[in-house]
Amino acid sequence: MNAGAPDIGATGSNNGATFDGTEGAEEANSQAAQQRKAFETALGMMAMRIVSDAQADLDSAMDDTEENV
């Protein structure tokens, strides 16, 4: 690698911000961590919605079965 070139490694693009490998790396990691947390939260909410809907469907089916007995 060039001695004068910044070493961004696996952090990827810096979206045009000045990147010197110190404070910029911490901010990039912080933003990535926040985005990952937001994604995981949204994914968890969707999973809970799916489970809740499936449970409601099951409850409805069980109620219909009990009425027919």
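Structure's up top.
Model, not experiment: these values are computed from the prediction.

Student: Even after reading the chapter, I still don't get the overall build of the protein, so can you show me in this structure?
Tutor: Check the secondary structure of the protein and you find one helix and zero strands. Across the 69 residues of the protein, 4% fall into the buried class. Counting only carbon and sulfur atoms, one obtains 55% of the accessible surface of the protein, whose full area is about 6100 Å².

Student: Please explain a negative patch on the surface as it appears in this structure.
Tutor: A surface patch of negative charge is lined by Asp 57, Asp 59, Asp 63, Asp 64, Glu 66 and Glu 67. Examined against the element boundaries, Glu 66 turns out to sit in helix α1 (residues 23-68). Since its relative accessible area comes to 56%, Glu 66 is described here as exposed.

The rules behind these values
- Residues numbered from 1 in each chain as written.
- Predicted model: local features only at pLDDT ≥ 70, side-chain atom pairs only at ≥ 80, totals over all residues.
- Heavy atoms only, no water.
- Helix = DSSP H or I, 4+ residues; strand = E, 2+ residues; numbered from the N terminus.
- Buried < 20%, exposed > 50% of the residue type's maximum accessible area, 1.4 Å probe, protein only.
- Areas by Shrake-Rupley, 256 points an atom, 1.4 Å probe, with all protein chains shown as cover.
- Patch = residues over 30% accessible without salt bridge, like charges linked within 9 Å, V, L, I, M, F, W, Y side chains within 5 Å.
- Salt bridge = Lys/Arg side-chain N within 4 Å of Asp/Glu carboxyl O.
- Lys, Arg positive; Asp, Glu negative; His and termini not counted.
- Charge placed at Lys NZ, Arg CZ, Asp CG, Glu CD.

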